[in-house]
Amino acid sequence: METLGTVLITEEQIADAVARLGAEISADYADSDVLLVGILKGAFLTMADLSRQIQVPVEFDFMAVSSYGDATKSSGVVRILKDLEQEISGRHVVIVEDIVDTGLTLHYLLENLWVRKPASIEIAALLVKEGIQEIPIEVKYRGFNIPPDFVVGYGLDYTGLYRNLPYVTVLDPDDLPS
Ligand code: 5GP
């Protein structure tokens, strides 16, 4: 199958990184239960693949958020479309994200979740855009640092499409058929 755009991270590189993150999480939570919180929709593939690389018992929950603004820029104002189903009080939470860009979405989520008194919260993100985080967020488990280009694939979309690409690719919206 022909690839789309300029491939930044291949399927193999993603698999290696996800295995590494799974090993790190397994080692860090050897003595405690983990609640993985996937942020829909973008993190669904990272969640599925990462969780299968974790060797300690994990539970799953999901949140769906949408940030107001245009398709390629984060506004920082976050709307919760779907909240957690579980109480997280006293739990060790690992938020699973596809990408951290400005950090505004995670900043909002962290504030929202800390109020619920979890024992800990860490962040696992496949991609972190370098240099443009408006709010520095500590991403303990990170797959790749990437340049500040707009990317799609492996869960990330453009107008709802391309989430199923098995690689991460740089897409210039000007190149797309309208
Ligand atoms: P932040 O609030 O950190 O700026 O952005 C986080 C969210 O913006 C991500 O979860 C993702 O939904 C979206 N986003 C940020 N950068 C990109 C990108 O390069 N491509 C796509 N498809 N979405 C992005």
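Just above sits the structure.
Sequence order as written defines the numbering, with residues in each chain counted from 1. In view of the model being predicted, local features appear only for residues whose pLDDT reaches at least 70, and side-chain atom pairs are presented and counted only at 80 or more, with totals across whole chains, interfaces and linings using the full set of residues. For side-chain calculations, the full set of non-hydrogen atoms in the structure is used, while hydrogens and water are omitted.

(A) View of the pairing of strand 6 (residues 120-129). Only protein chains enter the calculation, and the probe is 1.4 Å; a residue is then buried if its accessible area is under 20% of its type maximum, exposed if over 50%, and partly exposed in between. Numbering of helices and strands runs from the N terminus, with a helix taken as a DSSP run of H or I at least four residues long and a strand as a DSSP run of E at least two residues long. Where burial is concerned, most of strand 6 is hidden: ten out of the ten residues are buried. Sheet analysis places strand 5 (residues 92-100) next to strand 6, joined by eight bridges and oriented parallel. Along strand 6, the bridge assignment pairs V100 with V128. The path from the first strand over the helix to the second decides the hand: if it runs clockwise while the strands point away from the viewer, the crossover is right-handed. Assessed by its sense of winding, the connection that carries the chain from strand 5 through helix 3 (residues 104-114) to strand 6 is right-handed. Pairing between strands requires that DSSP locate at least two bridges from one strand to the other.

(B) Quick peek at the sheet that holds strand 5. Read across the open sheet, the six strands follow the order 4-3-2-5-6-7; overall the sheet is mixed. Every other strand in the sheet has two partners, leaving strand 4 (78-82) and strand 7 (141-146) as the edge strands with one partner each. The mean angle between the axes of side-by-side strands here comes to 30°, regardless of whether they run parallel or antiparallel. Sheet analysis places strand 2 (residues 34-40) next to strand 5, joined by five bridges and oriented parallel. Within strand 5, the position partnered with L35 by the bridge is V93. Fitted lines through C-alpha atoms give the axes, limited to the stretch in contact for helices. The angle between two N-to-C directions lies from 0 to 180 degrees.

(C) Up close: the sheet that holds strand 9 (residues 168-170). In spatial order, the strands read 1-9-8; together these three strands make up an open sheet with antiparallel pairing. Strands with a single pairing partner mark the edges of an open sheet, and in this sheet they are strand 1 (6-9) and strand 8 (151-152). Bridge analysis of strand 8 against strand 9 gives two bridges, and the strand direction is antiparallel. Bridge pairing in strand 9 links V152 to T169.

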